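A closer look at the structure
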Amino acid sequence: SIPYLYLMLVSNDVSLNVSEFLLQIKAIKLQPNDPFTWASGIISPIYCDNRKVLSYPKIRTFIRQEMVKVLEDNYGRPDVIAGVATGGIALGALVAQELGLPFVYVRSKQKEHGLSNQIEGYVEEGQSVIVIEDLISTGASSLNAVDALRDFGCSIKGMVAIFSYGLAESKENFKKAKCPLVTLASYDSMLTKAIETNYITPIDAKLLRDWKKDPKNWLK
């Protein structure tokens, strides 16, 4: 059975390739000397916008193909693919199309008008679902989608995402939720590729490693 924790089961070559793609198209931006402020209030030397991959057909195709491999190798074929709004919607639809499976997406909360849906599309109680996401930070918004699907009566086989910051908080959140997760690239593989390609200096690399150890107190 699949353990309820992070599953970094993609090959090292795939992780490094995806990391390089994300850096090349600036889907990942590294600014240790001019950090970003996340919506959560965390001051961070890294900012991720993986929706940019959709604008690059070759990269988009590579990521779709690798997500399908990861899904089939780790979880087996589900009844339905679900994307997390908004970053996981297009990715999830691409994966569902590749597999010839139904697709739904999950809003962050119920609509305040119309049918008040949180799950958009058609899914039945008892169906198995694999969730697609673009980015994992703390995991809270991603697992909110998992909760909505479970509340509806679906069985969650697991989640696949492009990238994870690998924060301890997210690992604990996924473990508590008993939701297996596989990501194509990680913070560590991204750092390895950034150093290898001289995208950052050794000093910047140290600042980035320090941030991951304690994101909330990094600047202190």
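Our subject in this report is the structure included herewith. Predicted model, so just to flag it, every value in this text is computed and none were measured. (Residues numbered from 1 in each chain as written. Predicted model: local features only at pLDDT ≥ 70, side-chain atom pairs only at ≥ 80, totals over all residues. Heavy atoms only, no water.)

Comments concerning the nonpolar core
One finds I46, F163 and Y165 to be the most contacted residues of the largest nonpolar core, which totals 47 residues. Looking at this core element by element, the count peaks at six residues for helix 2 (residues 57-74). Counting residues in hydrophobic clusters, the runner-up holds 23 residues, among them V104, I119, V123 and V146. (Core = buried A, V, L, I, M, F, W, Y, C linked by side-chain atoms within 4.5 Å. Buried < 20%, exposed > 50% of the residue type's maximum accessible area, 1.4 Å probe, protein only. Helix = DSSP H or I, 4+ residues; strand = E, 2+ residues; numbered from the N terminus.)

Side note on the side chain of S44
Here S44 lies in strand 3 (residues 43-44). For S44, a relative accessible area of 0% corresponds to the buried category. Reaching out from S44, the side chain makes a polar contact with the backbone oxygen of I46 at a distance of 2.8 Å. In this structure, S44 is in contact with P35, F36, W38, W211 and W218, ignoring residues within four places of it in sequence. (Polar contact = N/O pair within 3.5 Å; in protein donor to acceptor, adjacent residues only side chain to side chain. Contact = heavy atoms within 4.5 Å.)

Focus: helix 1 (residues 12-24)
Relative to the 18 Å expected for 13 residues at 1.5 Å per residue, helix 1 spans 18 Å between its end C-alpha atoms, a close match to the ideal helical length. Of the positions making up helix 1, those classed as buried are V14, S15, L16, V18, S19, L22 and L23. For helix 1, the elements touching its buried residues are strand 1 (28-30), helix 2, strand 9 (155-164), strand 10 (181-186) and helix 6 (187-196). After helix 1 finishes, the residue K26 shows a positive phi value of roughly 60°. (Expected span 1.5 Å × (residues − 1).)

Details of the sheet that holds strand 7 (residues 119-120)
Taken together, six strands build an open sheet; the order of strands is 7-6-5-8-9-10 and the sheet is mixed. The open sheet has two edge strands, strand 7 and strand 10, and neither has a second partner. With respect to the sheet, helix 3 (residues 87-99) is in contact with strand 5 (80-84), strand 6 (103-106), strand 8 (128-136) and strand 9, its orientation differing from that of strand 8 by roughly 135°. (Pairing = 2+ DSSP bridges. Axes fitted to C-alpha atoms, helices over the stretch in contact; angles between N-to-C directions.)

A word on the pattern of salt bridges
Summed over the entire model, instances satisfying the criterion amount to 10 salt bridges. Note that K193 and E196 form a salt bridge whose closest N and O atoms lie 2.8 Å from each other. In this pair, K193 and E196 both sit in helix 6, three residues apart, roughly one turn of the helix. Residue K193 is classed as buried on the basis of its relative accessible area of 8%. (Salt bridge = Lys/Arg side-chain N within 4 Å of Asp/Glu carboxyl O.)

Remarks on the side chain of S128
Its place among the elements puts S128 in strand 8. In this structure S128 comes out as buried when scored by relative accessible area, which is 13%. Excluding residues that lie within four positions of it along the chain, S128 makes contacts with P78, D79, V80, S155 and K157.

Spatial relationships are all this shows, so hold off on functional conclusions.
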